[in-house]
Structure formats: structure tokens, C-alpha cells
Amino acid sequence: ASKDNVNLTIVTLNDGDEVVAALFTLENSSNDIIIFTNIGRGIRIKMEELRVYGRAAKGLRQITLQDNEYVTNANQVDPTKKALFYITSAGRAKVTDVKYFPVMDRNEESLQLITLEGNEMLLYVASVNNKTDIVRVYFKNADPVDFSISELKIATRIAKGEKVIKVPRGDSVVSVKIFTNNK
């Protein structure tokens, strides 16, 4: 006997809402969550502030958005790593000390995380070890490029990123993977 494929609703969305991130987490996790936006702003909240709901429930607003602002992604803060890595769609990146991005209350006014230029947007924020972690940057069209987090100087929270990779004309950064160099 074969079963028909069944599509289940995971979350009920309001008009205009989209799912931009899904994070695997343990229910009793002590990790914090960073939610960040296209204009380089973000909020850091404790995982325990997120409530557990049924599959079809609507969630609660976690970040207040300005006009023309939208959430680009979210990530967990790894408590064993003491730095945060940021990268923009234009290939500019920076590293900051995680202690300069404080834990906040849900819906508290978001903080400026990086200074952007032109049509650039904040694409990714992740916990890193600034001595051993490697970043693999994926482009819309070009082949991936790797670089070491240790190549970046520790910056302030609102600083611009450094141009660490050349983004081919007409291309953009679309994804990032962080891994540890075990050499």
C-alpha cells in the first residue's frame, strides 16, 4: 500500500510575510538568536524568549522593521565562539567581538550592525573563532571563494566591512558557509 504525499503547514503567515530562516535548535538551548535585516540592523534575543507553538500557529513579532526594511536571515550565537562575522552582498566583511552586540528584549529597537553603501545589503551574520575559521562565499554565478577569518581585523559594531573578495561585475554574494581549519 502506498501513501499519498501529504503537504503539512509548518507556520501560518500573514499577508506579505515570508520564511527567511529555519534554525535547528534544542528546546533547552542557551544559545541566543540574531535576526538581521537588509539595511544592516539587527537584534539579539535569548532563545528562551521564543515560545513553542503548534504547527499552524502564527508566531510573534521579534523585530520591528522600518520602511523598506526586511529580515534577510537569522542565526544562532555559538557561546563557545567569541566573535561575530558579517558579510554583505558586495563582498565586504568584518569581525566584531560578540560582547559588543548585547542581548536585547524582543521588539526592542534594533541596532546598527554594519555601515552599508549604495544598494549593498547585510547578507549573513555568524559566530566564528577568529583564529581558525574559514569562510566559503558562494556567488549567484561565479565559483565559490574561501578566505580565513584571521585575515580580518576586529572592528567596531557599526564599522564598514573590508573588501575581502572581489564580486564579479553583475554578480552578488548569495550564501556563506563557515568551517574550521583543523591544521
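Residues numbered from 1 in each chain as written. Predicted model: local features only at pLDDT ≥ 70, side-chain atom pairs only at ≥ 80, totals over all residues. Heavy atoms only, no water.

Would you mind going over the overall build of the protein chain in detail, with residue names and values included?
Looking only at helices and strands, the protein chain has 0 helices and 12 strands in total. For the protein chain, the sequential pattern of α-helices and β-strands runs β-β-β-β-β-β-β-β-β-β-β-β. The 183 residues of the protein chain split such that 38% are buried. Within the structure as shown, the protein chain displays about 11,500 Å² of accessible surface, and the carbon and sulfur contribution to it stands at 48%. (Helix = DSSP H or I, 4+ residues; strand = E, 2+ residues; numbered from the N terminus. Buried < 20%, exposed > 50% of the residue type's maximum accessible area, 1.4 Å probe, protein only. Areas by Shrake-Rupley, 256 points an atom, 1.4 Å probe, with all protein chains shown as cover.)

Describe the packing of aromatic side chains, naming the residues involved and giving the relevant values.
All told, the structure shown has 1 aromatic pair when counted by the stated rule. Looking at Lys 94, its charged tip hangs above the ring of Tyr 86, at a distance of 5.0 Å from the centre. (Phe/Tyr/Trp six-rings, centres within 6.5 Å; stacked < 30°, edge-to-face > 60°. Lys NZ or Arg CZ within 6 Å of the ring centre and 35° of its normal.)

Give me the lowdown on the sheet that holds strand S9 (residues 145–148), citing residues and values where you can.
Overall, antiparallel pairing links the 3 strands, which are arranged S9-S8-S12 in an open sheet. Edge positions in the open sheet fall to S9 and strand S12 (173–180), since each of these has one partner strand only. Across the sheet, the axes of successive neighbouring strands diverge by a mean angle of 25°, strand direction being ignored. Where strand S8 (residues 133–139) lies against S9, 4 bridges are found, and the strand directions are antiparallel. Each residue of the ladder has a partner; that of Ile 134, found in S9, is Ser 148. (Pairing = 2+ DSSP bridges. Axes fitted to C-alpha atoms, helices over the stretch in contact; angles between N-to-C directions.)

Please set out the sheet that holds strand S6 (residues 111–112) residue by residue, giving values where relevant.
The strand order S3-S1-S2-S6 describes an open sheet built from 4 strands, whose pairing is antiparallel. Edge positions in the sheet fall to strand S3 (71–77) and S6, since each of these pairs with one other strand and no more. Direction of pairing for strand S1 (residues 32–37) relative to S3: antiparallel, over a ladder of 6 bridges. Of the residues in S3, the one forming a bridge with Ile 33 is Gln 76.

Give a description of unusual backbone geometry that names residues and reports values.
Non-glycine residue Asn 68 carries a positive phi angle of around 60°. With respect to the secondary-structure elements, Asn 68 resides in the loop between strand S2 (41–46) and S3. On the accessibility criterion, Asn 68 (73% relative accessible area) is exposed.

Could you give an account of a nonpolar patch on the surface, with specific residues and numbers?
On the surface, Ile 10, Val 11, Leu 13 and Val 19 cluster together into a nonpolar patch covering about 370 Å² of accessible area. We classify Val 11 as partly exposed; its relative accessible area is 35%. (Patch = residues over 30% accessible without salt bridge, like charges linked within 9 Å, V, L, I, M, F, W, Y side chains within 5 Å. Salt bridge = Lys/Arg side-chain N within 4 Å of Asp/Glu carboxyl O.)

Describe the environment of Thr 64, and please don't skip the residues or the numbers.
Following the sequence through the fold, Thr 64 ends up in the loop between S2 and S3. For Thr 64, a relative accessible area of 39% translates into the label partly exposed. Residues Thr 64 and Ile 43, 21 residues apart in the sequence, show an inter-C-alpha distance of 9.4 Å. Beyond its immediate chain neighbours, meaning those up to four positions away, Thr 64 contacts Glu 69, Asn 107 and Ser 110. (Contact = heavy atoms within 4.5 Å.)

By themselves, these figures tell us nothing about what the structure is for.
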